[in-house]
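# Survey of secondary and tertiary structure
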Amino acid sequence: MNYLLIDKMIKEALIEDIPNEDISTTSIIGVDLKCEADLICKEDGILAGLPIFKRVFDILGEVEVISLKNDGDKIKKYDKIALLRGSTRNILSGERVALNYLQRMSGIATKTNKFVDKLKDSNTKLLDTRKTIPNLRILDKYSVKIGGGINHRFNLSDGIMIKDNHIEAAGGIKKAVELLRENTSFVRKIEVEVENLDMVKEAVEVGVDIIMLDNMDIDTAREALKIIDRKALVEFSGNVTLERMEEISKIGVDYISVGELTHSVKALDLSLKNLRNI
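Below is a summary of the structure that appears in this document.

Calculation rules
- Residues numbered from 1 in each chain as written.
- Predicted model: local features only at pLDDT ≥ 70, side-chain atom pairs only at ≥ 80, totals over all residues.
- Heavy atoms only, no water.
- Core = buried A, V, L, I, M, F, W, Y, C linked by side-chain atoms within 4.5 Å.
- Buried < 20%, exposed > 50% of the residue type's maximum accessible area, 1.4 Å probe, protein only.
- Helix = DSSP H or I, 4+ residues; strand = E, 2+ residues; numbered from the N terminus.
- Contact = heavy atoms within 4.5 Å.
- Phe/Tyr/Trp six-rings, centres within 6.5 Å; stacked < 30°, edge-to-face > 60°.
- Lys NZ or Arg CZ within 6 Å of the ring centre and 35° of its normal.
- Polar contact = N/O pair within 3.5 Å; in protein donor to acceptor, adjacent residues only side chain to side chain.
- Pairing = 2+ DSSP bridges.
- Right-handed = clockwise from strand over helix to strand, strands pointing away.
- Salt bridge = Lys/Arg side-chain N within 4 Å of Asp/Glu carboxyl O.
- Expected span 1.5 Å × (residues − 1).
- Arc of directions from axis to C-beta.

## Side note on the nonpolar core
- Core analysis: the biggest nonpolar cluster contains 39 residues, and Val192, Val194, Ile211, Leu213 and Ile256 have the highest contact counts within it.
- The element best represented in this core is helix α9 (residues 218-228), accounting for 5 residues.
- Contact partners of valine 192, with chain neighbours within four places excluded, come to Ile162, Ile167, Ile173, Ala203, Val208, Ile210, Ile211 and Met212.
- Core analysis: the second largest hydrophobic core is formed by 37 residues, Met9, Tyr101, Leu268 and Leu272 among them.

See below:
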């Protein structure tokens, strides 16, 4: 992870939460008071984001976070994840920002792991998308990897994907691919999004590297795979639910991309408890 970027992100989050001072904490807690507190899991899941949680307190200072678990660990309800020791003021002031990161990231990893588990008997791999929280993409995608998924492109500069509106604007897949080959480096793979079998045929004819079957029913997707005939990698996308994962993987696609991994996240329930003065 790029910790220059991460630190900037965390500092902005702390400034948002503490624009001047934490008036509740500074009014009640003496500057020299120290304590210990436990980071507790309140439901089962996959842990992700503990280094970010720790970095919040590194930036605030005077707090040691002693990890008892690691990112990627399966955690159970009532598990103790870490022990915090140090400045009571800084522990209380940083608690919410640190937990917000850790809960969201663990929620993404937990959901991702459930989708990955549905693919355990196949060769199909799970991909994320760019449907992430603005300015948190690096953390969202890291969490997907911790949950066992694979990152698709990080941004518009990271890879080529010809989408429906590109095709309409260019006047067809063939023309869009020709323009790309004229204006981009030959080292870049070209992915195209297709919605019907005619588009599949056109994509195969122009020799793209990856074909995304977008919002296709299973029968149409099977026909598309016959047309493609391993001439390109195949990604399936659109209306993918946990319940459909096995059915989709059985037709033989290489990848399934799921926006839900990051755009509809339930935070994992984690909490800072048992604060005691030392």
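## Describing the packing of aromatic side chains
- Tallied over the entire structure, the rule returns 1 aromatic pair.
- In this structure, lysine 141 packs its charged tip against the face of phenylalanine 154, placed 5.3 Å from the ring centre.

## Considering the side chain of threonine 129
- Within the secondary structure, threonine 129 is located in the loop between β6 (125-127) and α5 (137-146).
- Within the structure, threonine 129 has its side chain in polar contact with the backbone nitrogen of lysine 131 (distance 3.0 Å).
- Among all residues touching threonine 129, those that are not within four sequence positions of it are Lys141, Ser257, Val258, Gly259 and Thr262.

## Quick notes on the pairing of strand β9 (residues 210-214)
- Buried residues dominate β9, accounting for 5 of its 5 residues.
- Across 4 bridges, strand β8 (residues 190-194) lies against β9 in parallel orientation. In the sheet register, glutamate 193 faces β9, and the bridge partner there is methionine 212.
- With respect to chirality, the unit in which β8 leads through helix α8 (residues 197-205) into the neighbouring parallel β9 is right-handed.

## What to know about the pattern of salt bridges
- Overall, the coordinates contain 21 salt bridges when judged by the stated rule.
- Ionic pairing is found between arginine 55 and aspartate 7, a salt bridge with its closest N-O pair at 2.8 Å. In this pair, arginine 55 is assigned in helix α3 (residues 50-60) and aspartate 7 in helix α1 (residues 3-17), connecting sequence segments 48 residues apart.
- Residue classification places arginine 55 among the partly exposed positions, given a relative accessible area of 26%.
- Judged by its relative accessible area of 15%, aspartate 7 falls in the buried class.
- Measuring nitrogen to oxygen at the nearest pair gives 3.6 Å for the salt bridge that ties aspartate 58 to arginine 55. You can see aspartate 58 and its partner arginine 55 sitting in helix α3, 3 residues apart, about one turn around the helix.
- Through salt bridges that share partners, Glu36, Asp38, Glu64, Lys80, Arg85 and Arg276 make up one connected network.

## Concerning α1
- End to end, α1 covers 21 Å across 15 residues, agreeing with the expected 21 Å (1.5 Å per residue, within 8%).
- Residues of α1 that are buried: Ile6, Asp7, Met9, Ile10, Ala13 and Leu14. In an axial view of α1, the angular spread of the buried residues amounts to 160°, which keeps them on one side of the axis. Opposite its buried face, α1 presents the exposed residues Leu4, Ile15 and Glu16, each directed more than 90 degrees away.
- On its buried face, α1 is in contact with α3, α4 (88-117) and α5.

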